[in-house]
Amino acid sequence: MSERIFLVDDEQHIIDLVRLYLQQEGFRVESAGEGQEALDRILAQPPDLVVLDLMLPGLDGREICRRVRARSDLPIIMLTARDDDVDKIVGLELGADDYLTKPFNPRELLARIRAILRRSVQRGDAQGDERPLVIGNLRILPTQYRVQLDGVEVRLRRLEFDLLHTLARRPGMVFSRDQLLSLVWDYEVPGQTRTVDVHIAHLRHKLAGMQAGIETVWGVGYRLETLRP
């Protein structure tokens, strides 16, 4: 059965355009133009992915994202009307997997939807293929999609786990932001590296106290440092 995409936007021409592109590619598409209706329908019957406008009548995209994230790890792509880092960062910090700035090319949205859904399938196919990773007091269990710090479970979102796992598989290796976009997000969009920075900040906060650190290599990218003394 084809994946179900839920579009949330109060601009009907955007809904119509995106629906056309997605249906041509075999996706099932549902939509809503008002925040509370969208939230109720998403929670009642979760789709495979949500495309969510930031500015909506009633509940805005920030609040919908916050409430959905409190209950599930459902993939969310946020749409923002302004080319402003503040809006983008807010969306990511609330738990969105990715963002696009309006106006956008529907083909680019389609590519990002496919990348997120493809990553989910690849993650499922990889279950059972990898052994636990132990770096200092950090333990990563790939087959269970779990992380433990000093034996205590740390709840990471899907992208946070994928990002940590990518860095941890090669401790000390420096990854550029564009490399991480390709490896973790599964697409190449030069210049969209703020997405990586925000997710790195989330990991640092959630894994405070680990004996290995995610270090910034200025002008290059990030690496997971080996065990600290």
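Note that the structure is predicted; figures quoted are calculated from it, not measured.

Things to note about the layout of surface pockets
1) Next: By volume, the second largest pocket is sized at about 180 Å³.
2) Next: Lining the second largest pocket are 13 residues; nearest its centre among them are Glu93, Arg157, Glu160, His202 and Lys206.
3) Next: Counting residues per element, the lining of the second largest pocket draws most heavily on helix α8 (residues 194–206), which supplies four residues.
4) Next: Of the residues contributing to the lining of the second largest pocket, the split by class is two nonpolar, four polar and seven charged.

A word on the pairing of strand β12 (residues 221–224)
Two faces make up the sheet, and in a regular strand the side chains alternate between them.
1) Next: Pairing geometry for strand β10 (residues 175–176) and β12, over two bridges, is antiparallel. In the sheet register, Ser176 faces β12, and the bridge partner there is Gly221.
2) Next: Relative to β12, strand β11 (residues 214–217) runs antiparallel, the two sharing four bridges. Paired with Ile214 across the strands is Leu224, a residue of β12.
3) Next: If you look at the hairpin formed by β11 and β12, you'll find three residues sitting between the two strands, and Gly219 has a positive phi there, around 80°.

Topic: the sheet that holds strand β1 (residues 4–8)
1) Next: Read from one edge to the other, the open sheet built from five strands follows the order β2-β1-β3-β4-β5, with strand pairing classed as parallel. Looking along the sheet, the strands with just one partner apiece sit at the ends: β2 (28–32) and β5 (98–101). The mean angle between the axes of side-by-side strands here comes to 20°, regardless of whether they run parallel or antiparallel.
2) Next: Together, β3 (49–53) and β4 (76–80) form the strand contacts of helix α3 (residues 61–69), whose direction differs from that of β4 by roughly 170°.

Considering the confidence of the model for the protein
1) Next: In the predicted model, the protein carries a mean pLDDT of 85, and the fraction of residues at 70 or more is 86%.
2) Next: Of all helices and strands in the protein, the one with the weakest mean pLDDT is helix α4 (residues 85–93) (64), whereas β1 scores best (96).
3) Next: Taken as a whole, residues 124–129 scores under 50 in pLDDT and shows six contacts with residues more than four places along the chain or in a different chain.

Topic: the pattern of salt bridges
1) Next: If you walk through the whole model with that rule in mind, you get 20 salt bridges.
2) Next: Residue Asp53 pairs with Lys102 through a salt bridge whose shortest N-O separation is 3.2 Å. Here the residue Asp53 occupies a position in strand β3, and Lys102 occupies one in the loop between β5 and α5 (106–125), the gap between them amounting to 49 residues. Take Asp53 and Lys102: they sit in the same class, and that class is buried.
3) Next: Between Asp97 and Arg69 there is a salt bridge, with its nearest N and O atoms 3.1 Å apart. Of the two residues, Asp97 sits in the loop between α4 and β5 while Arg69 sits in helix α3, which places them 28 residues apart along the sequence.
4) Next: Asp97 sits in the buried class, given a relative accessible area of 0%.
5) Next: It is possible to trace a salt-bridge network through shared partners that takes in Arg69, Asp73, Asp97, Arg157 and Arg158.

Rules used in this analysis
Residues numbered from 1 in each chain as written. Predicted model: local features only at pLDDT ≥ 70, side-chain atom pairs only at ≥ 80, totals over all residues. Heavy atoms only, no water. 1 Å grid on protein atoms, 1.4 Å probe; cavity = no way out; pocket = protein on both sides within 12 Å on 5 of 7 lines; lining within 4 Å. Points joined across faces, edges and corners; volume = space filled by probe spheres on them. Helix = DSSP H or I, 4+ residues; strand = E, 2+ residues; numbered from the N terminus. Nonpolar A, V, L, I, M, F, W, Y, C, P; charged D, E, K, R; others polar. Pairing = 2+ DSSP bridges. Axes fitted to C-alpha atoms, helices over the stretch in contact; angles between N-to-C directions. Contact = heavy atoms within 4.5 Å. pLDDT = per-residue confidence, 0-100. Salt bridge = Lys/Arg side-chain N within 4 Å of Asp/Glu carboxyl O. Buried < 20%, exposed > 50% of the residue type's maximum accessible area, 1.4 Å probe, protein only.

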